[in-house]
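Each chain, written out:
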Amino acid sequence: MRRPFVAGNWKMHGTRAENAVLIEALLLGLPAQPSVDIAVCPPFVYLWEVARLVKGSGLGVGAQSVCAEPVGAFTGEASATMLKDVGCQYVIVGHSERRGIFKETDALVARKFLAAHSHGLIPILCVGETLEERERGQMAEVVSRQLRAVLDVAGVEAMRTAVVAYEPVWAIGTGKNASPAQAQEAHAHIRAEVAARDAKIAAALRVLYGGSVKATNAREIFAMPDVDGGLIGGASLKADEFLKICAAAQAH
Ligand code: PGA
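Everything quoted here is computed from the prediction, not taken from an experiment.

Draft legend 1. Representation of the pattern of salt bridges in the model. Here the structure, examined in full by the defined rule, presents 16 salt bridges. Notably, a salt bridge pairs Arg2 with Asp228, separated by 2.8 Å at the nearest N-O pair. Of this pair, Arg2 sits in the segment before β1 (5-9) while Asp228 sits in the loop between α10 (218-222) and β8 (229-232); the two residues are 226 residues apart in sequence, bridging distant segments of the chain. Among the residues examined, Arg2 registers a relative accessible area of 21% and is labelled partly exposed. For the salt bridge of Glu69 with Arg111, the shortest nitrogen-to-oxygen distance reads 2.5 Å.

This is how it looks when you write it as structure tokens:
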């Protein structure tokens, strides 16, 4: 009943020329009627052009972050309204690189989630523990804290149109993915945390796995009952890899 979803997080990669080549290959390789939702998340400056390239194809477009404020003197930022205006349907909020490198707090992530949600964008809320937190046995505690910060501000109803991505920080860009069992444990925990507020919303919520997903490991991770697709970093920059990952999600 949950339609799988695969999103490519391009991070700070690409040029106009490279993006055009990648999008062309994706449009050629994707099935006409995919049973999976698929999106790409380019850097801000390329959103408008990528949205035009994919227009009418069914391939979605998302941003990698959004300003929590609606408009005004916020140098360097882009609002949810602007992201909608250039053709985005999705926005990633709370990615661990934003939390870690750019010091985004749980409270700020919650405000960004709310800004996205209230302007009709689908937030892809990232949660996940660091290696030290995992080694201390704090995965569940950290993920709950990050989720509750959003649920308390946006309300569980907002989860009807949101997506959650479990991204263990130790698995991102390291080539070391979570095992299918580790992913399943965290995903079930995320679903239970939402179910504590609304069981129906939790049952319909798509929870993606992110962290070193490749064509070779996607199938076994996506086969887990609470894994509804993936948020793909490095492997989303190669058309053949990303297409194979989308096909693996489609198989479930
Ligand atoms: P990765 O990144 O697939 O390169 O590990 C995932 C992410 O950061 O979303």
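Draft legend 2. Focus on the packing of aromatic side chains. Enumeration over the complete set of coordinates arrives at two aromatic pairs. Here Phe5 and Tyr90 contribute two aromatic rings whose centre-to-centre distance is 4.9 Å and whose plane-to-plane angle is 25°, an arrangement assigned as stacked. Of this pair, Phe5 sits in strand β1 while Tyr90 sits in strand β4 (residues 90-93), placing them 85 residues apart in sequence. Neither Phe5 nor Tyr90 differs from the other in exposure class; each is buried. Look at Tyr166 and Tyr209: their rings are 6.4 Å apart centre to centre, the planes differ by 50°, and that puts the pair in the tilted class. Highlighted residues: Tyr166 in strand β6 (residues 163-166) and Tyr209 in strand β7 (residues 206-210), separated in sequence by 43 residues. As far as burial versus exposure is concerned, Tyr166 and Tyr209 are alike and both buried. For Arg98, the ring lying beneath its charged end belongs to Phe102, and the centroid distance is 4.2 Å.

Draft legend 3. Quick look at the environment of Ser35. Here Ser35 is to be found in the loop between α1 (16-29) and β2 (37-41). Considering only alpha carbons, one finds Ser35 and His252, 217 residues apart in sequence, at a separation of 9.4 Å. Filtering out sequence-adjacent residues up to four positions away, Ser35 remains in contact with Arg3, Pro4 and Gln250.

Draft legend 4. Geometry of the packing of helix α7 (residues 139-154) against helix α8 (residues 180-195). In the contact formed by α7 and α8, the axes pass within 10 Å of each other and the chain directions differ by 35°. Every pair of crossing elements has a handedness; the one defined by α7 and α8 is right-handed. Here α7 contributes Met139, Ala140, Val143, Ser144, Leu147, Arg148 and Leu151 to the contact with α8, which in turn contributes Glu185, Ala186, His189, Ile190 and Glu193.

Draft legend 5. Seen up close, the site of the ligand. In the vicinity of the ligand lie 13 residues, with Lys11, His95, Glu167, Gly173 and Ser212 positioned nearest. A distance of 2.6 Å separates an oxygen atom of the ligand from a polar atom in the side chain of His95. Gly233 is positioned such that a nitrogen or oxygen atom in its backbone is 2.9 Å from an oxygen atom of the ligand. Taken together, the residues of the shell around the ligand sort by class into four nonpolar, seven polar and two charged.

Draft legend 6. Structural context of the pairing of β2. Counting buried positions along β2 yields five of five residues, so the element is predominantly enclosed. Going residue by residue along β2, you find Asp37, Ala39 and Cys41 tucked away on one face and Ile38 and Val40 tucked away on the opposite face as well. For the segment spanning β1, α1 and β2, crossover handedness is right-handed. Bridge analysis of β2 against strand β3 (residues 60-63) gives two bridges, and the strand direction is parallel. Of the residues in β3, the one forming a bridge with Ala39 is Gly60.

Draft legend 7. Quick peek at the sheet that holds β8. With respect to topology, eight strands assemble into a closed barrel ordered β1-β2-β3-β4-β5-β6-β7-β8, the strand pairing being parallel. Strand-to-strand, the axes of this sheet are offset by a mean angle of 25°, without reference to chain direction. Here β1 pairs with β2 via five bridges, running parallel. In the strand pairing of β2, Gly8 is matched with Val40.

Draft legend 8. Highlighting unusual backbone geometry. Positive phi is not limited to glycine here, since Lys103 has a value of about 55°. In this model, Ser212 sits at a positive phi of 55°, which is unusual for a non-glycine residue. Tracing the sequence through the fold places Ser212 in the loop between β7 and α10. Classification of Ser212 by relative accessible area gives buried; the value is 14%.

Draft legend 9. Highlighting α7. Taking 1.5 Å per residue, 16 residues should reach 22 Å; α7 reaches 23 Å between its end C-alpha atoms and fits that length. Every buried residue of α7 is listed here: Met139, Val142, Val143, Ser144, Gln146, Leu147, Ala149, Val150, Leu151 and Ala154. Elements in contact with the buried residues of α7: α4 (96-100), α5 (106-118), β5 (122-127), α6 (131-135), β6 and α8.

Procedures and definitions
Residue indices begin from 1 for each chain and proceed along its sequence in written order. Thresholds applied to this predicted model are a pLDDT of at least 70 for local features of residues and 80 or more for the giving and counting of side-chain atom pairs; totals over whole chains, interfaces and linings are not thresholded and use all residues. Derived side-chain values reflect all non-hydrogen atoms in the structure, with water molecules and hydrogen atoms excluded from consideration. Within this document, salt bridges are pairs made up of a side-chain nitrogen of Lys or Arg and a carboxyl oxygen of Asp or Glu, the two lying within 4 Å of each other. Put simply, DSSP H or I for four residues or longer makes a helix, DSSP E for two residues or longer makes a strand, and each gets a number counted from the N terminus. Here's how the labels work: a residue is buried when its accessible area is under 20% of the maximum for its type, exposed when over 50%, partly exposed in between, all with a 1.4 Å probe on protein chains only. Between 30 and 60 degrees the pair is tilted, below 30 it is stacked and above 60 it is edge-to-face, where a pair is any two Phe, Tyr or Trp rings, Trp via its six-membered ring, whose centres lie within 6.5 Å. The criterion is that NZ of a Lys, or CZ of an Arg, lies within 6 Å of the ring centre and within 35 degrees of the ring normal, and then a charge sits over that ring. Any two residues having at least one pair of non-hydrogen atoms within 4.5 Å are treated as being in contact. All axes here are fitted lines through C-alpha atoms, helices being fitted over the stretch that makes contact, and every angle between N-to-C directions spans 0 to 180 degrees. Here is the rule for handedness: rotate from the far helix to the near one, and if that takes an anticlockwise turn smaller than a right angle the crossing is left-handed, while a clockwise turn gives right-handed. A cutoff of 4 Å decides nearness: a residue is near a molecule or strand if any of its heavy atoms lies inside that distance of it. N or O atoms within 3.5 Å of each other form a polar contact, as long as, within protein, one can give a hydrogen and the other can take it, and as long as residues adjacent in sequence are counted only when both atoms are side-chain atoms. Here the term charged refers only to Asp, Glu, Lys and Arg, the term nonpolar to Ala, Val, Leu, Ile, Met, Phe, Trp, Tyr, Cys and Pro, and the term polar to all other amino acids, Gly among them. Handedness rule for crossovers: strands pointing away from the viewer, path from the first strand over the helix to the second running clockwise, crossover right-handed. Only strands that DSSP links by at least two bridges are regarded as paired with each other. Multiplying 1.5 Å by the residue count of a helix minus one yields the expected span of that helix.

Distances and angles like these do not, on their own, reveal function.
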